[in-house]
Amino acid sequence: MLDKTYRPGEVETRLYERWERSGAFAAHPDSNARPYAIVMPPPNVTGSLHHGHALTFTLQDILIRYHRMKGRDALWQPGTDHAGIATQMVVERQLAAEGKTRHDLGRERFVARVWQWREESGGTITRQLRRLGCSPDWSRERFTMDEGLSAAVRKVFVELHRRGLIYRDKRLVNWDPQLHTAISDLEVEQREVKGQIWYLRYPIEGEPGRFIVVATTRPETMLGDTAVAVHPDDERFRALVGKMARLPLADRLIPILADEHSDPAKGSGAVKITPAHDFNDFAVGQRHKLPMVNVFDRDARMNENAPERFRGLDRTVARERVVAELEALGLVEKIEPQAMTLPYGDRSGVVIEPWLTDQWYVDAATLAKPAIEAVEHGRTRFVPKQWENTFFEWMRNIQPWCVSRQIWWGHQIPAWYAPDGSIFVALDEAGARAQAEKKLGAVVALTRDPDVLDTWFSSALWPFSTLGWPDQTQALARYYPTDVLVTGFDIIFFWVARMQMMGHAFMDDVPFREVHIHGIVRDERGQKMSKSKGNTADPLDLIDRYGCDALRFTLAALASHGRDIKLTEGRIEGYRNFATKLWNAARFCEINECRPVPGFDPGAARDTVNRWIVGALVALVGSLDEALAAYRFNDAAAGLYAFVWNTFCDWYVEFAKPILAGPDGPARAETRATAAWAFENVLKLLHPIMPFVTEELWGQTGKREGMLIAARWPDFAAGPRVDAGAVREMEWVVRLISEIRAVRAELNVPAGVRVPVLLAGAEAEVLARIERHRDQVLVLARAASLAAVASVPPAGCVAISIEGATVALSLAGLVDLAEERKRLTREIARLAGEIDKIERKLGNADFLAKAKPEVIEEQRERRDEGEAARAKLSDALRRLAGA
């Protein structure tokens with residue numbers, strides 16, 4: 001006998017352990033089944049579960065469980081990322097607590113210490129993914145630093161270098177002056193700050209008393225200026241183009257040149273060009289072949305290229321000194337406040353410095369070409385399609401990819417240097433020595449490059465390296481290309497595009513046929529979740545309080561195309577109630593002895609109610625298949641919710657009660673069997689989204705072989721069919737009862753009062769339906785009677801138009817109709833006032849310019865809710881007009 005309540009905390013760990021022990025998650029490369037593969041975006045080994053993880057992994061698990069039940073050989077390839085900088089920082093903090101640094105240990109011992117940390121603490125995220133119900137093939141779990149993937153990384157680097165697609169170059173990078181390494185754009189956090197803009201006078205050489213005024217937010221970098229730029233169409237400066245300006249303090253001559261980078265409408269219209277310390281200026285410097293003067297060292301202190309009196313100064317102190325000296329010389333025209341964004345390292349929290357340094361680069365533009373072509377020709381398809389535009393914009397304007405990092409934890413670059421500076425790239429040192437001896441004609445000492453590769457480099461190989469490449473394995477041949485990648489839009493460039501580039505370069509094929517891009521999880525007001533805002537909620541805490549299935553169903557229900565997810569505890573609580581509703585439906589079936597009947601043929605059901613629920617379930621399967629094929633998870637969840645809560649629990653169960661409570665006979669037996677058949681299929685259909693409660697009910701509500709996770713998805717291609725007549729009839733009955741209930745609610749008819757219902761001008765078919773379902777209508781509509789009349793009485797009745805008849809509720813003496821008209825009129829007027837107030841706000845250009853997008857969206861939602869409520873009340877008032 002089922003317990004009265006479902007307690008997920010007592011069920012989830014037990015069931016998950018049972019699934020994992022049974023091998024239910026495993027792929028079967030030797031099977032004849034058609035393969036279906038997804039690679040798990042590898043979470044950082046340092047990570048812990050957040051809402052972004054919960055969303056993306058829930059959606060992937062839904063797809064894997066669904067296709068597994070459809071009979072596919074489903075592989076969900078799991079693994080974790082070594083997370084170079086993040087992991088190194090974790091271990092360095094441990095050392096700092098011991099009064100040590102990594103340099104005290106040396107590289108080899110420090111790396112060993114990181115491996116030790118990974119063995120002891122690196123499994124947190126995978127344990128949490130189990131709490132979320134994820135069902136990847138854990139036996140195939142990979143790590144981006146394991147030996148197989150490390151071999152793949154070395155081979156790709158060496159091969160790309162051989163092709164001329166990896167090279168050493170001096171370019172600007174995002175430099176973290178605290179961590180002393182280049183970092184990727186994704187590791188840079190843009191923060192809004194209140195700064196200043198300085199207008200500086202640069203003297204024109206040979207023209208005493210004449211200046212060109214440049215506007216800058218970074219006066220300290222002027223010591224590295226190598227030009228001044230003006231727009232070629234700016235008449236104010238046309239006569240100065242080609243002249244030289246004398247750079248104050250540094251006493252160097254720099255050219256005044258024309259370049260479209262300068263915006264005449266910003267600042268003074270003239271900009272200082274510092275190619276070694278600004279990404280835009282770097283591009284200008286390349287176009288005009290300007291010298292690049294680097295005035296900072298790795299700590300963002302002034303170096304030997306600055307005038308001697310500034311050397312060794314921190315950049316902030318240098319700014320103060322530069323401005324003070326310029327002011328003393330009368331070369332500061334004015335200073336204005338300026339709102340701006342500054343780049344901060346997301347790990348170190350310090351301002352990132354664009355810094356000119358020697359690094360390793362990938363020729364991304366060349367690698368991008370086949371990836372662009374694959375999307376253009378549909379070999380890789382983005383869902384929603386509009387994300388293709390973002391992909392094309394990034395890929396067609398792609399810059400060289402800096403892949404070297406100045407840290408110790410990661411894949412050390414397989415490059416060795418000879419004393420004369422010659423570089424030898426090889427799979428191992430022996431290979432490098434052989435190259436050096438061949439080129440130099442002698443054995444020389446080689447020094448390995450100390451840098452490691454960008455974490456995204458190894459991640460870019462994930463779809464094929466995890467399957468065994470460079471070895472030509474059975475798994476690689478079977479599961480590559482994978483079917484779909486599910487991820488957020490924020491890493492389309494950093495990860496998705498790079499996997500595509502590497503897939504074409506080394507597998508000569510796309511890494512995945514489809515890319516589903518989902519939104520990001522926000523709070524209930526649409527704001528991005530962050531610890532600083534205090535609007536985050538731990539997914540594990542939500543699982544503890546509401547159950548894993550409730551969180552998963554919430555995420556699926558909100559995952560609509562092109563929209564972010566506003567997560568509220570109220571929604572999660574609502575879907576916990578949905579799990580409770582399912583549990584109670586199971587108890588209803590158990591109490592009424594609705595057990596699976598071997599050999600039962602639902603297509604042979606005779607009772608209209610049973611033919612209706614069979615057809616409704618058949619239609620549901622078709623709609624779910626369509627929704628999941630299109631990654632419309634919200635539609636799938638909405639369809640399941642509507643069927644379980646409304647169609648099955650609210651209507652079928654109520655219609656079935658009189659039959660089940662009646663005498664034994666064919667109708668009762670058929671209804672028991674039909675209810676059991678429908679509920680069993682409901683468990684199958686819900687399982688991909690709500691795996692725990694469905695698996696528990698599967699095991700407790702019938703004698704079945706095997707677990708639900710291994711059951712087959714319902715396939716009704718061969719029957720039963722949808723009985724259109726039964727569907728029409730029962731939908732009519734449901735609509736009749738629903739309309740009567742709606743009028744009762746709108747007019748505040750007390751729940752205990754039964755109202756006479758009249759049917760005016762009813763067609764013969766309507767009268768026949770009423771006779772077949774009279775008992776159910778009387779009970780469910782709380783009707784005192786059902787009677788056919790020639791026409792609606794002129795007073796005291798509220799009329800409802802329904803197919804084949806006019807239905808009238810006789811309310812005389814039960815409701816004060818005049819007072820109800822007044823109440824409805826007042827409420828409609830109140831709503832109209834609120835809607836008008838919101839419309840005025842949304843029509844205010846000043847409000848739209850200043851308000852955050854989530855605030856604007858909240859106002860629109862309130863307006864739409866108000867309009868829906870007003871329309872509903874207006875309908876009720878119209879019904880009362882003739883009463």
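Thresholds, definitions, all that
- Residues numbered from 1 in each chain as written.
- Predicted model: local features only at pLDDT ≥ 70, side-chain atom pairs only at ≥ 80, totals over all residues.
- Heavy atoms only, no water.
- Helix = DSSP H or I, 4+ residues; strand = E, 2+ residues; numbered from the N terminus.
- Expected span 1.5 Å × (residues − 1).
- Contact = heavy atoms within 4.5 Å.
- Salt bridge = Lys/Arg side-chain N within 4 Å of Asp/Glu carboxyl O.
- Buried < 20%, exposed > 50% of the residue type's maximum accessible area, 1.4 Å probe, protein only.
- Pairing = 2+ DSSP bridges.
- Right-handed = clockwise from strand over helix to strand, strands pointing away.
- Polar contact = N/O pair within 3.5 Å; in protein donor to acceptor, adjacent residues only side chain to side chain.
- Phe/Tyr/Trp six-rings, centres within 6.5 Å; stacked < 30°, edge-to-face > 60°.
- Lys NZ or Arg CZ within 6 Å of the ring centre and 35° of its normal.

S.K.: I'm lost on helix α9 (residues 315-328) in this one. Help?
M.R.: It helps to recall that an α-helix has 3.6 residues per turn; residues three or four apart then point in one direction. Given a rise of 1.5 Å per residue, 14 residues ought to cover 20 Å, and the 20 Å separating the end C-alpha atoms of α9 matches this to within 8%. Lining the buried residues of α9 we find β7 (188-203), β13 (332-345) and β14 (353-362). In the stretch just after α9, Gly330 is the one whose phi turns positive, near 70°.

S.K.: Would you mind going over the pattern of salt bridges with me for this structure?
M.R.: Close approach of charged atoms allows side chains with opposite charge to pair. Evaluation of the coordinates by the stated rule reveals 64 salt bridges. The shortest N-O distance in the salt bridge between Asp61 and Arg65 comes to 2.7 Å. Placement of both Asp61 and Arg65 in helix α2 (residues 51-69) is noted, with a separation of 4 residues, approximately one turn of the helix. Asp61 sits in the buried class, given a relative accessible area of 0%. Exposure remark for Arg65: the relative accessible area of 0% places this residue in the buried category. Close ionic contact of Arg201 with Glu333 constitutes a salt bridge, the shortest N to O distance being 3.5 Å. Here the residue Arg201 occupies a position in strand β7, and Glu333 occupies one in strand β13, the gap between them amounting to 132 residues.

S.K.: Would you take a moment to explain the pairing of strand β1 (residues 35-39) for this structure?
M.R.: Walk down a regular strand and you will see the side chains alternate between the two sheet faces. The buried count for β1 comes to 4 of 5 residues, which makes it a mostly enclosed element. With 5 bridges connecting them, β1 and strand β2 (residues 73-77) associate as parallel partners. Looking at the pairing, Pro35 lines up with Asp73 of β2. The handedness of the β1 to β2 crossover, carried by α2, is right-handed.

S.K.: Help me out: how do you make sense of helix α27 (residues 817-842) in this one?
M.R.: If you check α27, its first and last C-alpha atoms are 37 Å apart, about what 26 residues at 1.5 Å a residue would give, namely 38 Å. Every buried residue belonging to α27 is among Leu817, Glu820, Leu824, Ile828, Leu831, Ile835, Ile838 and Leu842, and all of these are buried.

S.K.: Any chance you could explain the side chain of Glu680 here in plain terms?
M.R.: Checked against the element boundaries, Glu680 lands in helix α22 (residues 666-686). At 2.7 Å, the side chain of Glu680 and the side chain of Arg704 are in polar contact. Leaving out residues up to four positions away in the same chain, Glu680 has contacts with Pro596, Trp698 and Arg704.

S.K.: Sorry if this is basic, but what is going on with the sheet that holds strand β20 (residues 447-448) here?
M.R.: Spatially, β19-β18-β20 is the arrangement adopted by the 3 strands of the open sheet, whose pairing is antiparallel. The sheet is open, and its two borders are formed by β19 (423-425) and β20, each paired with just one other strand. With 2 bridges connecting them, strand β18 (residues 415-417) and β20 associate as antiparallel partners. Within the sheet, the bridge partner assigned to Trp416 lies in β20 and is Arg448.

S.K.: In this structure, what is going on with the environment of Met69? I would like to understand it.
M.R.: Secondary-structure assignment places Met69 in helix α2. Classification of Met69 as buried rests on a relative accessible area of 0%. Expressed as a C-alpha distance, the spacing of Met69 and Arg774, which sit 705 residues apart in the sequence, is 41 Å. Apart from residues no more than four positions distant in its own chain, Met69 is found in contact with Lys684, His687, Pro688, Leu708, Ile709, Ala711, Arg712 and Trp713.

S.K.: What should I look at first to understand the packing of aromatic side chains in this one?
M.R.: The geometry of an aromatic ring pair comes down to the distance between the two centres and the angle between the two planes. Applying the stated criterion to the full structure yields 34 aromatic pairs. Where Trp387 meets Phe489, the ring centres are 5.3 Å apart and the plane angle is 10°; that geometry is what we call stacked. Of the two residues, Trp387 sits in helix α11 (residues 387-396) while Phe489 sits in the loop between β22 (482-488) and α16 (492-507), which places them 102 residues apart along the sequence. Over the aromatic face of Trp401 sits the side chain of Arg498, whose NZ or CZ is 4.1 Å from the ring centroid.

S.K.: How should the environment of Ala374 be read in this particular structure?
M.R.: Turning to its location among the elements, Ala374 is positioned in helix α10 (residues 364-376). Residue Ala374 is classed as buried on the basis of its relative accessible area, which comes to 1%. Linking Ala374 and Ser348, residues 26 residues apart in sequence, is a C-alpha distance of 38 Å. Beyond its immediate stretch of four places on either side in the chain, Ala374 contacts Arg379, Thr380, His504 and Val510.

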